[in-house]
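# Coordinate inspection notes
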Amino acid sequence: MKRIFSGIQPTGEVHIGNYIGAIKQWVELTEEYDCIFCVVDYHAITVEYNIEELRDRTIETALILIACGLTPDRCRLFIQSHVPEHTELAWIFNCVTPIGELERMTQFKDKSRQHRANINMGLMDYPVLQAADILIYKAGYVPVGEDQVQHIELSREVARRFNNRFGDIFPEPQVILSHAPRILGVDGASKMSKSMNNYIGLLEDKDAIWEKLRTAVTDVNRVRRADPGNPELCNIWTIHRAFSREDELLEIDKGCRQASIGCIDCKKVLFKNMMDELIPIRDRADSLKKDRDYVIDVVRKGAKTCSEIAKKTMEEVRSSLGIFYP
Ligand code: TYM
């Protein structure tokens, strides 16, 4: 069975960009692939963070993934630091990765601008650890949103360089993009993200979600209700496509272009459909919150089976490098 690996950082709240850009697709892919999903806590410490919060967010992120449907009967789910071979392999990959390639990574440049006082080595090395996450399991496919594509391309490059120098050990992983690879924030301008205050949290209060949705930017050219709109220029439409039925989408598309429905009407339909999908997830999250031991047990077992794969890969890697390891 073909193997998939993907990960999510435990920083801030999981938002609907993560959900429709990645997690929703991860659940679907478990039907066809051998799937490994990971809460990448070591990636999260590359920027300033709150120590207590990291601990809570790490387990909460795992809890949300389970609530979304990534249950242990469908996939392996674990916490990155629980399989320390990831960082060991990252060190080895460091030795085949030119610094220039890391300096040109868009995310590194953006984060360096955002965190001027803390441009640390880990921030620059972030994609190498990401390559190790994927390649330690020899995963051939990586489902992610658009912002991660450059990092996966680097993983391919790392695999190629390693294989050229030390023998054919790693596959060159391919990206699987979701149908909603780039969701903008409620500002309609920048990517929905945890670091910008422009997101709708997956577990956020219902009224707070409506308030954010109600005021979210739509097609900026549609100034008055009577102006015809263009769904292709509207972020709400992108979100609609992830939550609404085909017949509703057709009706909204037509109504928007003919100005027979207004943005608020359109948002009301979206809100209903979004809540219909999110309420069962929230209900499951609420019951998991009362049973944290279960969540801890899931990630422990996930780490155990992932460790076995990771250890085997490391044996191959050490031997191909000429490391003395009796
Ligand atoms: P992270 O935690 O930023 O995001 C998790 C997943 O959500 C996707 N995503 C989005 N998709 C569409 N629109 C958005 N606005 C949006 N915001 C986030 C991301 O593309 C991602 O798929 N570096 C990774 C974590 C990682 C990883 C890995 C991923 C570490 N190792 C190995 C794949 C394979 C990250 O920071 O994702």
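On a predicted model such as this, the values are computed, not experimentally measured, just so you know.

## Notes on the pairing of strand β2 (residues 34-39)
The buried fraction of β2 is high, at six of six residues. Burial of the side chains of β2 extends over both faces: Asp34, Ile36 and Cys38 are buried on one face and Cys35, Phe37 and Val39 on the other. Relative to β2, strand β1 (residues 3-8) runs parallel, the two sharing six bridges. Looking at β2, one finds that Phe5 is bridged to Ile36. Regarding the hand of the β-α-β motif, the stretch spanning β1, helix α1 (residues 16-29) and β2 is right-handed. Relative to strand β3 (residues 76-79), β2 runs parallel, the two being bridged by four bridges. Residue pairing for β3: Phe37 is matched across the bridge by Leu77.

## Some points on a nonpolar patch on the surface
On the surface, Tyr42, Ile45, Tyr49 and Ile51 cluster together into a nonpolar patch covering about 370 Å² of accessible area. One can find Ile51 in helix α3 (residues 51-68). We classify Ile51 as exposed; its relative accessible area is 54%.

## Thoughts on the pattern of salt bridges
Under the defined criterion, the tally for this structure stands at 25 salt bridges. For Glu52, the salt bridge is made with Arg55, and the minimal N-O distance between the two is 2.8 Å. Here the residue Glu52 and the residue Arg55 both occupy positions in helix α3, the gap between them amounting to three residues, near one helical turn. Overall, Arg55 belongs to the exposed group, its relative accessible area being 52%.

## Thoughts on unusual backbone geometry
A positive phi angle, near 50°, is found at Lys138, a position not held by glycine. Inspection of the secondary structure puts Lys138 in the loop between α7 (121-135) and β4 (141-144). Assessed through its relative accessible area of 29%, Lys138 is described here as partly exposed. With phi around 60°, Ala259 is a residue other than glycine that occupies positive phi space.

## Remarks on the environment of Tyr126
By the secondary structure assignment, Tyr126 is in helix α7. Owing to a relative accessible area of 7%, Tyr126 belongs among the buried residues under this scheme. Along the chain, Tyr126 and Leu213 lie 87 residues apart, while their C-alpha atoms are 33 Å from each other. In contact with Tyr126, other than residues within four places in its own chain, are Gln9, His43, Thr46, Gln107 and His151.

## Remarks on the domain arrangement of the protein
Domain annotation for the protein reports domain 1 (3-182 + 291-321) and domain 2 (206-286). Across the domain 1 to domain 2 interface the summed buried area is about 840 Å²; carbon plus sulfur atoms make up 67%. On the domain 1 side of the contact with domain 2, Ile16, Tyr19 and Ala67 bury the most area, a combined 48% of that side's loss. Linking domain 1 to domain 2 there are one salt bridge. A salt bridge links Lys24 to Glu277, with the shortest nitrogen-to-oxygen separation between them at 3.0 Å. In this assembly, domain 1 and domain 2 are joined by four residue pairs in polar contact (both at pLDDT 80 or more). Breaking the side of domain 1 that touches domain 2 down by element, the ones donating at least two residues are α1 and α3. Ranked by residue count, the leading element in the side of domain 1 that touches domain 2 is α1, at four residues.

Calculation rules
- Throughout, a residue's number is its position along its own chain's written sequence, starting from 1.
- Reporting of local features is limited, given that this is a predicted model, to residues whose pLDDT is at least 70; pairs of side-chain atoms are given and counted only at 80 or more, and all residues count toward the totals for whole chains, interfaces and linings.
- Where side-chain values are given, they derive from all heavy atoms of the structure, hydrogens and water being excluded.
- We call a residue buried when its accessible area falls under 20% of the maximum for its residue type, exposed when it is over 50%, and partly exposed in between, using a 1.4 Å probe and counting protein chains only.
- The helix count covers DSSP runs of H or I at least four residues long, the strand count covers runs of E at least two residues long, and both are numbered beginning at the N terminus.
- Strands are treated as partners if at least two bridges between them are detected by DSSP.
- With strands facing away from the observer, any crossover in which the path from the first strand over the helix to the second runs clockwise is taken as right-handed.
- What makes a patch is a set of residues exposed beyond 30% relative accessible area and free of salt bridges, joined within 9 Å when like-charged and within 5 Å when nonpolar (Val, Leu, Ile, Met, Phe, Trp, Tyr).
- Reported accessibility uses the Shrake-Rupley method at a 1.4 Å probe radius. Residues are deemed covered only where the shown protein chains occlude them.
- The salt bridge definition used is simple: a Lys or Arg side-chain nitrogen within 4 Å of an Asp or Glu carboxyl oxygen.
- Residues count as neighbours in contact if any of their non-hydrogen atoms are within 4.5 Å of one another.
- What marks off one domain from the next here is an automatic or database domain assignment.
- In this description, buried area is defined as the sum, over both parts, of the accessible area (probe of 1.4 Å) that is lost when the two are combined.
- Within 3.5 Å is the distance limit for a polar contact, defined as a pair of N or O atoms, with the added protein rule that one can donate a hydrogen and the other accept it, and that residues adjacent in sequence qualify only through two side-chain atoms.

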